[in-house]
Amino acid sequence: MEKQKAHIDKNNTVIKIRGVEKSFADYDVLRGIDLDLYQGENLVVLGRSGTGKSVLIKLISGLLSTDAGTIEVLGNDVTTISQRALEDLRIRIGFSFQNSALYDSMTVRKNLEFPLVRNRKGITRAEINKDVESVLDAVGLSQTINQMPAELSGGQRKRIGIARTLILNPEIMLYDEPTAGLDPITCIEINELINEVQQRYHTSSIIITHDLTCAKMTGDRIAMLLDGQFQRVGTFDEVFATTDERVKPFFDYNFIQ
Amino acid sequence: MDSVNNTTNPAPSRIKKTQNKLAAFFLMLHRIYAFVMRFFKEVFLPPYEFKEVIRQCYETGVRSFTLITLTGFIVGVIFTKQSRPSLTDFGATSWLPSLVSIAIMKALAPLVTALIAAGKVGSSIGAELGSMRVTEQIDAMEVSGTKPFKFLVCTRVIATTITIPLLATYVAFIALLGGYLNVSQNEGTTYSVFMDQAFEPLTFIDFWASLSKAIVFGFTIGIVGCYQGYNSTKGTEGVGKAANGAVVTAMFLVFIEEVLIVQIAGWFR
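Just so it is clear, the structure is predicted and the values come from calculations on it, not from any experiment.

## Remarks on the overall build of chain B
Here is step 1 of the chain: Check the secondary structure of chain B and you find ten helices and zero strands.
Here is step 2 of the chain: Walking chain B from its N terminus toward its C terminus, one meets helices and strands in the order α-α-α-α-α-α-α-α-α-α.
Here is step 3 of the chain: Across its three principal axes, chain B shows a C-alpha extent of roughly 75 × 55 × 35 Å.
Here is step 4 of the chain: The burial tally for chain B puts 41% of its 269 residues in the buried class.
Here is step 5 of the chain: Of all intrachain contacts in chain B linking residues separated by at least 6 positions in sequence, the fraction that spans at least 24 positions is 87%.

Here it is in structure tokens:
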């Protein structure tokens, strides 16, 4: 399915990253990175395993703290923000985890209700049911509402994970390896879902992946993370129109061509 | 060259290792202290997760009921049976109900309950939260603007602090019942006589100290299990370590607290 043209507002930067550094013990993962995410855009962050892609979105959501630099999300600097303000900001950011991170002890319905009832004070049972059914419909899994996460397939778990983030109507979506561990057909379905979310919910997204099919299908712009820095940023064709020996193998070893 | 250095200079490396271990120990103590302080800071603030507290009370209390009943009964019967020969030597078997009740009420009931709960409830909390940590479920709660500490930790600690004293009281009753059945079978003592003799030597301070112990044990088992699970790392290996750490640390602390509370209760007598 061809990606529909997104309405990207380049005058409105929803995430602005400047000079961010992050180390673990003696290993410098991120070495002063700069990046902008524009309103309405799907930005794919590509890179090999262990290059700090997931660390980047954990820094954006405040799950990890930076060693240096600033990260401005919807006008708030998450490196200096108070805990209370961070909690409020997180409601506006959806985070889809690599392993879906569904709550094992709750049914799909309870998984979806959990963030909703805790963030929307005074919400009625009818409104909860409507929102739950609406997001389940959006991810095409209405029939799983009473199932436990253990009863779902990998692809279904990913979809429910995305639905759980959508239920709060986030302005920004962060996808951590959305197609990891899935078969090629399910991968394409998830990529289409990411594009549908962009169109239907008008979200701006950062998609962390090493899957070029995912990058090409979902990304309006690609940022290649190499050696702790963004080496190439542009459209898919721009990024791979290079003789850089660090970038070329990425393309050559995929079957996308 | 390396081996020469190792053999000629072993002391600094040993000192360094000891220093590192000490530093790690004090760092852990500081983290536990910070965790306990965070509990007291968050437990009184809204939102209040009443439903989850009730669910956790069911998980920690009701689900331990069979094991606790069986253990309490056996403790009562065995303790009475083992104490009889010593009293028979002095012709003092009539003191058996008093001896059994003092031992059960003052020491055995809270201690046995706490040790069983540390093994069953503490390990279960450690493993459950540890598994939630390594599968990023706790992170998922955090990024969705909910308060995982409140939902996962506060509720479990409140539940163990409520249910373990209740279970300890129940164990005391069941163990006394076991003692009575043994005494009744051997000495033919009636129920009312047994109970009169059993409660005669006990004072209000004994009940208070026993209840206080059970409350402190319940809090300790909950907080240690949650601490180990909530701060679990290193994947599935970490989950096992969290469960194991929850049991070992809780049991160790329970014995220390037992000594301290007995000492404090002694000052009030």
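So much for the structure itself; the text now carries on.
## Some details on the UniProt feature "domain: ABC transporter" (unreviewed entry) in chain A
Here is step 1 of the chain: Under the feature "domain: ABC transporter" (unreviewed entry), the UniProt entry names residues 15-252 of chain A.
Here is step 2 of the chain: Annotation note: span residues 15-252 of chain A, helix share 38%, strand share 26%, distance between end C-alpha atoms 31 Å.

## Side note on the interface of chain A and chain B
Here is step 1 of the chain: The interface is formed by 16 residues belonging to chain A together with eleven residues belonging to chain B.
Here is step 2 of the chain: Elements supplying a minimum of two residues to the side of chain A that touches chain B: α2 (83-90), β6 (93-96) and α3 (108-119) of chain A.
Here is step 3 of the chain: Among the elements that make up the side of chain A that touches chain B, the one with the highest residue count is α3(A) (four residues).
Here is step 4 of the chain: The residue makeup of the side of chain A that touches chain B, split by class, is ten nonpolar, three polar and three charged.

## Examining the packing of α3(A) against helix α5 (residues 154-166) of chain A
All names here are of chain A.
Here is step 1 of the chain: As a packed pair, α3 and α5 sit with axes 8 Å apart at the nearest point and diverge in direction by 30 degrees. It follows from the interaxial angle that α3 and α5 lie roughly parallel. Both α3 and α5 take part in a crossing whose hand is right-handed. Residues Val108, Asn111, Leu112 and Pro115 of α3 form the contact with α5, whose own contacting residues are Ile160, Ala163 and Arg164.
Here is step 2 of the chain: For the contact of α3 with α5, the per-class residue count stands at five nonpolar, one polar and one charged.

## A few points about the packing of helix α7 (residues 148-187) of chain B against helix α8 (residues 191-199) of chain B
All names here are of chain B.
Here is step 1 of the chain: In the contact formed by α7 and α8, the axes pass within 10 Å of each other and the chain directions differ by 125 degrees. Here α8 runs oblique to α7, going by the angle between their axes. The element α7 and its partner α8 pack so that their crossing is right-handed. Together, Leu176, Tyr180, Val183 and Ser184 of α7 and Tyr191, Phe194 and Ala198 of α8 make up the contact between the two elements.
Here is step 2 of the chain: Class assignment of the residues belonging to the contact of α7 with α8 gives a composition of six nonpolar, one polar and no charged.

## Regarding the environment of Trp208(B)
Here is step 1 of the chain: Looking at where Trp208(B) falls in the secondary structure, it is placed in helix α9 (residues 204-230).
Here is step 2 of the chain: Put simply, Trp208(B) and Val248(B) are 40 residues apart on the chain and 27 Å apart in space, counted from C-alpha to C-alpha.

## Remarks on the pairing of strand β7 (residues 172-176) of chain A
Residues and elements named next belong to chain A.
Here is step 1 of the chain: Burial within β7 is extensive, with five of its five residues counted as buried.
Here is step 2 of the chain: Burial of the side chains of β7 extends over both faces: Ile172, Leu174 and Asp176 are buried on one face and Met173 and Tyr175 on the other.
Here is step 3 of the chain: Both β6 and β7 contribute to a ladder of four bridges, which runs parallel. Among the inter-strand pairings, phenylalanine 95 is bridged to a residue of β7, identified as leucine 174.

Cut-offs applied
- Residues numbered from 1 in each chain as written.
- Chains lettered and ligands numbered in written order.
- Predicted model: local features only at pLDDT ≥ 70, side-chain atom pairs only at ≥ 80, totals over all residues.
- Helix = DSSP H or I, 4+ residues; strand = E, 2+ residues; numbered from the N terminus.
- Buried ≥ 20, exposed ≤ 12 C-beta atoms within 10 Å, placed from the backbone.
- Contact = placed C-beta atoms within 7 Å.
- UniProt positions renumbered as here; feature names shortened; annotations may be inferred.
- Nonpolar A, V, L, I, M, F, W, Y, C, P; charged D, E, K, R; others polar.
- Axes fitted to C-alpha atoms, helices over the stretch in contact; angles between N-to-C directions.
- Parallel < 35°, antiparallel > 145°, perpendicular 65-115°, else oblique.
- Left-handed = near helix turned anticlockwise from the far one by under 90°.
- Pairing = 2+ DSSP bridges.

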